[in-house]
Amino acid sequence: MARSSSGRKKPNVLVTGTPGTGKTTTSSFLAEATQLRHVNVGDLVRDKNLHDGWDEQFACHVINEDLDPLIQIDGVSSDLGLHHLVSLISGIIMGALQKHVCDELEDMMEEGGNIVDYHGCDFFPERWFDHVVVLQTENSVLYDRLSKRGYTGAKLTNNIECEIFQVLLEEAKDSYPEDIVVALRSDTIDDINGNVATLTDWVRNWCPKPE
Ligand code: ADP
Ligand code: MN
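Residues numbered from 1 in each chain as written. Chains lettered and ligands numbered in written order. Predicted model: local features only at pLDDT ≥ 70, side-chain atom pairs only at ≥ 80, totals over all residues. Heavy atoms only, no water.

As annotated in an unreviewed UniProt entry, the chain carries the name Adenylate kinase isoenzyme 6 homolog and is attributed to Rhododendron simsii. What UniProt states about the chain under its Subunit (unreviewed entry) heading is, verbatim, "Interacts with small ribosomal subunit protein uS11. Not a structural component of 43S pre-ribosomes, but transiently interacts with them by binding to uS11." (UniProt positions renumbered as here; feature names shortened; annotations may be inferred.)

Structural data, given as C-alpha cells:
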C-alpha cells in the first residue's frame, strides 16, 4: 500500500509529550507563527462530547489526562478477576473512542495544515503526520509544573514516571518512521522560543510530496 501522505498542500505536525511538558503552549505559539491550525485533541474530546454515551467513570479516565488507564482503574478493586474484566472493558472502550476521535479528525488531517496537540500518539494513523515532536522536561521541573496544576498522588507519580521512562518518545518511535520523530527539550521559556523558531523553519521549508 502506498503511503498517502501525498495530496496535502500543508504539513501536519504532531506535538506530543507527557502532560505538563508544554504541548499546548508550544502548539499555540507555533500556530500563531505559521498560521497552521492548532488542534487540541483533549479539548476537542471534551467540547464535542466524543465520550458521550459511554460510562463516564471509565471513559473519562481512559481519554483524559491520565496516561495509564489500567493503573487508574486498578484502584477500583484488587480482585484479580474484576481487574481483568475492567481491563478488557477499558480496552474495548479505548478502541471505540479512538476510532470516534480519528473519524472526527480525518477530513481536516487529509486537508493538512494542522498542529495536533495530544499526550499520546499510537492513537493516530501513521499517514497523518509529516513531523512528530516529542517534548521532554527535566523531572523536578515537571514535578513542580504538575503540582501547580493540582496533580497529587498516583496521578502525579504516574506522569513523572512516564517522563522518566521516556514513554512518549518510545511510543512515537514505535508508531512513526524514525526520521520524522524529534525530541525537543522544554524546560525553560528560552527552550519554547527556540523550539517554536526551529519548528517554524521546518514548516516553512516543507514541500508537498509528489503525487
Ligand atoms: P501540556 O499541554 O503539555 O500539558 P502546557 O503547555 O499546558 O503543557 O504547560 C503547562 C504549564 O507549564 C503552563 O503553565 C506553562 O506555562 C508551563 N510551561 C510549559 N512549558 C514550559 C517551558 N518550556 N518553560 C516554562 N514553562 C513552561
Ligand atoms: Mn495541553
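Caption draft 1: Structural detail: the sheet that holds strand β3 (residues 114-117). The strand order across the open sheet built from five strands is β2-β3-β1-β4-β5, with neighbouring strands paired in parallel fashion. Among the strands making up the open sheet, the edge pair consists of β2 (37-40) and β5 (181-185). Averaged over all pairs of adjacent strands, the angle between strand axes in this sheet comes to 20°, irrespective of strand direction. In terms of strand pairing, β2 meets β3 through four bridges, oriented parallel. Considered in β3, the bridge of His38 is made with Ile115. (Pairing = 2+ DSSP bridges. Helix = DSSP H or I, 4+ residues; strand = E, 2+ residues; numbered from the N terminus. Axes fitted to C-alpha atoms, helices over the stretch in contact; angles between N-to-C directions.)

Caption draft 2: The UniProt feature "binding site: ATP" (unreviewed entry) in the chain, seen in detail. Taken from the UniProt record, the annotation "binding site: ATP" (unreviewed entry) applies to Gly20, Gly22, Lys23, Thr24, Thr25 and Arg149. A residue is classified by how much of its surface remains accessible, and Lys23, at 8% relative accessible area, is buried. Leave out the neighbours within four places in its chain, and Lys23 touches Val15, Thr16, Gly17, Thr18, Asp117, Tyr118, His119 and Leu135. Mapping Arg149 onto the fold places it in the loop between α6 (139-148) and α7 (153-164). (Buried < 20%, exposed > 50% of the residue type's maximum accessible area, 1.4 Å probe, protein only. Contact = heavy atoms within 4.5 Å.)

Caption draft 3: Up close: the packing of aromatic side chains. Summed over all chains, the structure comprises seven aromatic pairs. Residues Tyr118 and Phe124 carry aromatic rings whose centres are separated by 5.8 Å and whose planes lie at 70° to one another, so their mutual orientation is edge-to-face. One exposure class covers both Tyr118 and Phe124, and it is buried. The structure contains a cluster of three or more aromatic residues connected by ring pairs, namely Tyr118, Phe123, Phe124, Trp128, Phe129 and Tyr176. (Phe/Tyr/Trp six-rings, centres within 6.5 Å; stacked < 30°, edge-to-face > 60°.)

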